[in-house]
Amino acid sequence: MIEVREVGQRAAGGRRTLREVSLSIGAGELVAIIGGSGAGKTTLLDAIAGVRPPAEGEVRYDGGAAAPAAGSLGYVPQDDIVHLEMPLRRTLRYAAGLRLPAGTPPEGAERAVDGVLESLALTARAGQRVGSLSGGERKRASIAVEMLTRPRVFFLDEPTSGLDPATSADLMRLLRGLADSGTTVVITTHHPPDVLVCDRVAVLAQDGRLVFYGEPDEARERFQADRIEDIYLRLAEGEPQEWTGRFGARGRGAAPEAETGPETVPETGPAVGAFRQWALLTRRSLDLLTRNRLTLAVLVGSPLMVLAMFAVLFRPGAFSPESPSPAATVMILFWIAFGGFFFGLTYGLLQICNELPVLRRERLTGLRIAPYVLAKATVLLPLLAVVDALMLGVLRALDRLPAMGWGTYGELFTTLLLCSLAALALGLLVSAAVTDPAQATMALPMLCFPQVLFVGAILPVPVMATPGRWLSCAMSNRWAFEGLGHSLGVERLWASGRSPLGPPLLASYGDTFSRSPAVDWALLGGFTVLFLAGTCLVLTRRT
């Protein structure tokens, strides 16, 4: 049983979106929240579910608890909370690993998956990719994820939105069956036929006031409406305060005790630990990466294209001591460093923004942010290592880099990998901050241009204006560029070469390449930690 007492909510700018809403929902009831667009339906649902606790008033469960246990609450937002790339059964297996108590045996998790597939008539679709399911089947798939823990209360935000009438009716019959079996179900809806299936309906006016709460037939009578949809027209005829005056007392009525069926008992036990979450999320991220063929083609194909351009752009022998080419040397060093940065950044940019709805819901079940972020880095780092090693190997084979020992190339690889890792962390941070892939794509040039201009290749850092020199310190690519230059000994090469451009160019760079690569590695590692920590903070705030 849920009691909502004088609940009020405010938007970010301080505008009130809910005003003193009070109602009681009996155990095993199916309740609909309706109202015009912007009336606060989702806001009220989130307040009752604990997704966003109310600014005013309180919500009580079973007469005392301030919030239900994570496993006893199911919440299905408007967005899909399942990954579209994977088969349905595999999606549910990962969800079971995260939601069921620690220590649940594999056969127990498999039984839970089979049970929800059967109860939602999805067994025949278990092997299909979620993205290929119909709209109604995808909505049932989201409900299946929530049913793994057998929740006692279900919240659904416009579950029939975008569905055809027949599919909507099927879904509402499913929710009716859940309520009849003892699960309390609360939905928001814009679809009038949904209301007729419900036990009670809460009507919100445009300013967030509750103007009626009771049975659907009584709502039509009170609003003098022949149909449920006519209630919206009646609300538009008068001010919200007027309707509150007419029906306010009724809107605050308590719900009678519902006659419930067998009570559903949620799974209980210790939550899954951080290490197990990281391991499971790492496997899931790898699974998603390998199943998305377009993403995989971009991740593999873009380094090959860049390497081909490097081979066409630069002549062999730029690092030859007999006839060094300082200008070519600088550009080769810069583009190697920028290549590592670009690969890391692009790999990270689309990793999080695509699955924020899934992450938000999983956070309510106890998912920790740090294992989630580290799982993304764990999956992508080996791929970046292969790409960086391939870039160095191909450039050496084509004589764009000098013949030097394994120790030198070990330093080059370490510098380049740390550069890619710092860029990957930056990409994850941006992906966590934006709302969709289009915004992440728009951010790409804004992140790349400063890394080109202020690294010190086009214009050496010592001859930059003072603001530019300070800004260059914040460019992770600068420290990779300088570390590569030290490992390849460009100072010695330019000083000993017969090229007349050598000494003046060397003088303009000052002590740029004189530091030990270990210093640059420490700086790149610091950028990585800073960006990963920022990603965790942003995701914690957003979820």
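This text goes with the structure placed above it.
Residues numbered from 1 in each chain as written. Predicted model: local features only at pLDDT ≥ 70, side-chain atom pairs only at ≥ 80, totals over all residues. Heavy atoms only, no water.

A. Up close: the overall build of the protein. Within the protein one finds 21 helices and 9 strands. Dimensions of the protein along its principal axes, counting C-alpha atoms only, are 95 × 50 × 40 Å. The buried share of the protein, taken over its 543 residues, is 52%. Taken as a whole, the protein presents about 23200 Å² of accessible surface, with 60% of it coming from carbon and sulfur. Treating the 51 positive side-chain charges of the protein as one cloud and the 51 negative ones as another, the clouds have centres 6 Å apart. (Helix = DSSP H or I, 4+ residues; strand = E, 2+ residues; numbered from the N terminus. Buried < 20%, exposed > 50% of the residue type's maximum accessible area, 1.4 Å probe, protein only. Areas by Shrake-Rupley, 256 points an atom, 1.4 Å probe, with all protein chains shown as cover. Lys, Arg positive; Asp, Glu negative; His and termini not counted. Charge placed at Lys NZ, Arg CZ, Asp CG, Glu CD.)

B. Summary view of the packing of helix α12 (residues 326-349) against helix α14 (residues 369-397). Between α12 and α14, the shortest axis-to-axis distance is 11 Å and the interhelical angle comes to 155°. In terms of their interaxial angle, α12 and α14 are classed as roughly antiparallel. Between α12 and α14 lies a crossing whose hand is right-handed. Here Ile336, Gly339, Gly340, Phe343, Gly344 and Tyr347 of α12 lie close against α14, whose contacting residues are Leu380, Leu383, Leu384, Val387, Asp388, Met391, Leu392 and Leu395. (Axes fitted to C-alpha atoms, helices over the stretch in contact; angles between N-to-C directions. Parallel < 35°, antiparallel > 145°, perpendicular 65-115°, else oblique. Left-handed = near helix turned anticlockwise from the far one by under 90°. Contact = heavy atoms within 4.5 Å.)

C. Seen up close, the sheet that holds strand β7 (residues 184-188). Taken together, the 6 strands give an open sheet; going across it, the order is β5-β6-β7-β3-β8-β9, and neighbouring strands pair in mixed fashion. This sheet does not close on itself; its edge strands, each paired only once, are β5 (73-76) and β9 (210-214). Averaged over neighbouring strand pairs, the angle between their axes works out to 10° when direction is ignored. Inspection of the sheet shows strand β6 (residues 153-157) paired to β7 by 5 bridges, in the parallel sense. Across the sheet, the residue bridging to leucine 156 is isoleucine 187, located in β7. (Pairing = 2+ DSSP bridges.)

D. How the structure looks around the environment of leucine 294. Assignment of secondary structure puts leucine 294 in helix α11 (residues 293-313). Given a relative accessible area of 65%, leucine 294 falls into the exposed group. Spatially, the C-alpha atom of leucine 294 lies 28 Å from that of phenylalanine 413, the residues being 119 residues apart in sequence.

E. View of the sheet that holds strand β2 (residues 16-25). If you walk across this open sheet you meet the 3 strands as β2-β1-β4, and the pairing is antiparallel. Two strands close off the open sheet at either side, each with one partner strand: β2 and β4 (56-61). Strand-to-strand, the axes of this sheet are offset by a mean angle of 15°, without reference to chain direction. Alignment of strand β1 (residues 2-10) against β4, held across 5 bridges, turns out to be antiparallel. By the bridge assignment, valine 4 is partnered in β4 with valine 59.

F. Spatial organisation of the pattern of salt bridges. Scanning the entire structure with this criterion turns up 29 salt bridges. Ionic pairing is found between glutamate 58 and arginine 60, a salt bridge with its closest N-O pair at 3.8 Å. Among the residues examined, arginine 60 registers a relative accessible area of 22% and is labelled partly exposed. One salt bridge connects arginine 89 with glutamate 110, and the closest N-O pair in it is separated by 3.1 Å. You can see arginine 89 sitting in helix α2 (residues 88-99) and its partner glutamate 110 sitting in helix α3 (residues 106-119), a full 21 residues away along the chain. Bridged by salt links that share partners, the residues Glu3, Arg5, Glu58 and Arg60 form one connected network. (Salt bridge = Lys/Arg side-chain N within 4 Å of Asp/Glu carboxyl O.)

G. Just the pairing of β9, in detail. Where burial is concerned, most of β9 is hidden: 5 out of the 5 residues are buried. Between strand β8 (residues 200-204) and β9, which pair antiparallel in sequence order, lie 5 residues; one of them, glycine 208, sits at a positive phi of approximately 85°.

H. Quick look at the packing of α11 against α12. With their axes 11 Å apart at the nearest point, α11 and α12 run at an angle of 165° to one another. Relative to α12, α11 is oriented roughly antiparallel. α11 and α12 meet at a crossing whose hand is right-handed. On α12, the residues that touch Leu299, Ser302, Pro303, Val306 and Phe310 of α11 are Trp335, Ile336, Phe343 and Tyr347.

I. Just the packing of aromatic side chains, in detail. Scanning the model with the defined rule gives 11 aromatic pairs in all. For the pair phenylalanine 342 and phenylalanine 343, a centre-to-centre distance of 6.4 Å together with 65° between the ring planes defines the contact as edge-to-face. Look at tyrosine 509 and phenylalanine 513: their rings are 5.5 Å apart centre to centre, the planes differ by 35°, and that puts the pair in the tilted class. Given the relative accessible area of 2%, tyrosine 509 is considered buried. We classify phenylalanine 513 as buried; its relative accessible area is 3%. An aromatic cluster of at least three residues, connected via ring pairs, comprises Phe334, Trp335, Phe338, Phe341, Phe342 and Phe343. Stacked on the ring of tyrosine 213, the Lys or Arg arginine 200 has its end atom at 4.5 Å from the ring centre. (Phe/Tyr/Trp six-rings, centres within 6.5 Å; stacked < 30°, edge-to-face > 60°. Lys NZ or Arg CZ within 6 Å of the ring centre and 35° of its normal.)

J. Quick peek at a nonpolar patch on the surface. Together, Leu453, Ile458, Leu459 and Val463 line one region of the surface with nonpolar side chains, adding up to about 370 Å² of accessible area. Its place among the elements puts isoleucine 458 in the loop between α16 (437-453) and α17 (466-472). (Patch = residues over 30% accessible without salt bridge, like charges linked within 9 Å, V, L, I, M, F, W, Y side chains within 5 Å.)

K. Geometry of the nonpolar core. By size, the foremost hydrophobic cluster in this structure holds 82 residues, and its most contacted members are Phe319, Ile336, Leu401, Phe481 and Leu539. The element that contributes the greatest number of residues to this core is helix α15 (residues 406-433), accounting for 14 residues. Look past the residues within four positions of leucine 401 in its chain and what remains in contact with it is Phe319, Ile332, Ile336, Leu392, Leu395, Arg396, Tyr409 and Leu488. Counting residues in each nonpolar core, the second largest holds 50 residues, with Ala96, Ala144, Leu174 and Cys198 among its members. (Core = buried A, V, L, I, M, F, W, Y, C linked by side-chain atoms within 4.5 Å.)

It is worth stressing that arrangement in space is one thing and function is another; only the former is reported here.
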